[in-house]
Amino acid sequence: MTQLPKSLDDAIAQARDAATAAVNDGYKRLQVEILIPELKVMPVAAQFIPAFENFENKLRVIFPDAGAAALARRDWGEKPYIIRGIQDLKADIQPEEELFIFVEPSSVEVTQVEEMCNQAGDRPVIFLNPSLEDVATIGIGYAGRQLRERFLNTFESCYYLRPLEGSALFRCYPSPWQVWRETEGDYELAGEQAQRPTAEEIERLLIGDLASSGETAPGATPRPRKGILSGLQDFLRALSQ
């Protein structure tokens, strides 16, 4: 069973392994999400993308704008793969390219991102920390629902890490979705399921786990707990280092 990471480096290493395994198993549209508050994506991308450098110039790394792409080219030095912004003159997908990684695509570029994914066809596409579902941008009506059904919902989450208060939601392919509960000095698995759990399902797993272990349920007076890395704040701080 895959354990929760205890540092950002651990999380990125898990994400690399999960995405590589999913690509090798034939998945075509994948998401990697490390949802740590105030986390900067550029250092994450710098450690994540080398797992796919064996694709060389058949790999395309795509940033939301030309400025971010230029910054990556400057900071990362000479690379065997192509780094572009979505709006670059040479942004069109090329026939010889085999893998595409979008770094932090947002809802502002969702139309262009969808078009490029359609150009990619059945070639693998990976979203790294996407934020494509901004309701204010894509809407909550018919058009927004259509966009989700035809495009956003076609992506498989191969790596997902979100710390919650007293718990964490985690998925590392090929393992199922997992809810981890904070205990004294550690985290323990509260439950898992094949599909991403809703907020209600997370709460039910946590309450059920508390009841079975005889511990205090939410709403009652809890006994003092230290938690992994001295609690959630230390967990976030350690992951951000």
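The structure under discussion appears in the preceding block.
Described in the following lines is the structure provided in the data block.

## So, the pattern of salt bridges
Here is step 1 of the chain: Overall, the coordinates contain seven salt bridges when judged by the stated rule.
Here is step 2 of the chain: The salt bridge involving Lys79 is made with Glu53; its shortest N-O contact spans 3.2 Å. You can see Lys79 sitting in the loop between helix H3 (66-76) and strand S3 (82-85) and its partner Glu53 sitting in the loop between helix H2 (41-48) and strand S2 (59-63), a full 26 residues away along the chain.
Here is step 3 of the chain: The partly exposed category is assigned to Glu53, whose relative accessible area is 23%.
Here is step 4 of the chain: Two residues, Lys58 and Glu98, come together in a salt bridge whose shortest N-O distance is 3.4 Å. Remark: Glu98 occurs in the loop between S3 and strand S4 (99-103) and Lys58 occurs in the loop between H2 and S2; sequence separation between them is 40 residues.
Here is step 5 of the chain: Judged by its relative accessible area of 35%, Lys58 is partly exposed.
Here is step 6 of the chain: With a relative accessible area of 34%, Glu98 lands in the partly exposed category.

## Notes on the packing of aromatic side chains
Aromatic ring pairs are described here by two measures, namely the spacing of the ring centres and the angle between the planes.
Here is step 1 of the chain: Overall, the coordinates contain nine aromatic pairs when judged by the stated rule.
Here is step 2 of the chain: Between Phe48 and Phe52 the ring centres are 5.6 Å apart and the planes differ by 50°, which places this aromatic pair in the tilted class.
Here is step 3 of the chain: Residue Phe48 is classed as buried on the basis of its relative accessible area of 1%.
Here is step 4 of the chain: Ring centres of Phe63 and Trp76 lie 6.0 Å apart, and the angle between their planes is 55°; this geometry places the pair in the tilted category. Placement of Phe63 in strand S2 and of Trp76 in helix H3 is noted, with a sequence separation of 13 residues between them. Neither residue differs from the other here; Phe63 and Trp76 are each classed as buried.

## Let's talk about the pairing of S4
Here is step 1 of the chain: Within S4, five of the five residues are buried, which leaves the element mostly enclosed by the surrounding structure.
Here is step 2 of the chain: Every second residue of S4 is oriented toward a common face, with Leu99, Ile101 and Val103 on one face and Phe100 and Phe102 on the other, all of them buried.
Here is step 3 of the chain: Examined bridge by bridge, S2 and S4 share four bridges and lie parallel to one another. Across the sheet, residue Val61 finds its bridge partner in S4, namely Ile101.
Here is step 4 of the chain: Handedness of the crossover joining S4 and strand S5 (residues 125-128) through helix H4 (residues 110-120) is recorded here as right-handed.

## Brief notes about the environment of Phe127
Here is step 1 of the chain: Relative to the helices and strands, Phe127 resides in strand S5.
Here is step 2 of the chain: For Phe127, a relative accessible area of 0% corresponds to the buried category.
Here is step 3 of the chain: The contacts of Phe127, once residues within four sequence positions are left out, are Leu30, Gln31, Val32, Phe102, Pro105, Val113, Cys117, Leu132, Phe151 and Phe155.

## Some points on the sheet that holds strand S6 (residues 156-164)
Here is step 1 of the chain: Pairing within the open sheet is mixed, and its nine strands lie in the order S3-S2-S4-S5-S1-S6-S7-S8-S9. Sheet topology places S3 and strand S9 (186-193) at the edges, where each strand pairs with a single neighbour. Geometrically, the sheet is characterised by an average inter-axis angle of 20° between neighbouring strands, direction not taken into account.
Here is step 2 of the chain: Bridge count for strand S8 (residues 177-183) against S9 is seven bridges, and the pairing is antiparallel. From the neighbouring strand, Arg181 faces S9, where its bridge partner is Glu188.
Here is step 3 of the chain: Taken strand by strand, H2 contacts strand S1 (29-34), S2, S4 and S5, and its axis lies near 145° from that of S5.

## Some details on the environment of Arg84
Here is step 1 of the chain: Considering the arrangement of structural elements, one finds Arg84 in strand S3.
Here is step 2 of the chain: Sequence separation between Arg84 and Phe102 is 18 residues, and the spatial gap between their C-alpha atoms is 9.7 Å.
Here is step 3 of the chain: Setting aside its immediate chain neighbours within four residues, Arg84 contacts Arg60, Val61, Ile62, Phe63, Ala69, Arg73 and Lys90.

Reading the values: the criteria
- Residues numbered from 1 in each chain as written.
- Predicted model: local features only at pLDDT ≥ 70, side-chain atom pairs only at ≥ 80, totals over all residues.
- Heavy atoms only, no water.
- Salt bridge = Lys/Arg side-chain N within 4 Å of Asp/Glu carboxyl O.
- Helix = DSSP H or I, 4+ residues; strand = E, 2+ residues; numbered from the N terminus.
- Buried < 20%, exposed > 50% of the residue type's maximum accessible area, 1.4 Å probe, protein only.
- Phe/Tyr/Trp six-rings, centres within 6.5 Å; stacked < 30°, edge-to-face > 60°.
- Pairing = 2+ DSSP bridges.
- Right-handed = clockwise from strand over helix to strand, strands pointing away.
- Contact = heavy atoms within 4.5 Å.
- Axes fitted to C-alpha atoms, helices over the stretch in contact; angles between N-to-C directions.

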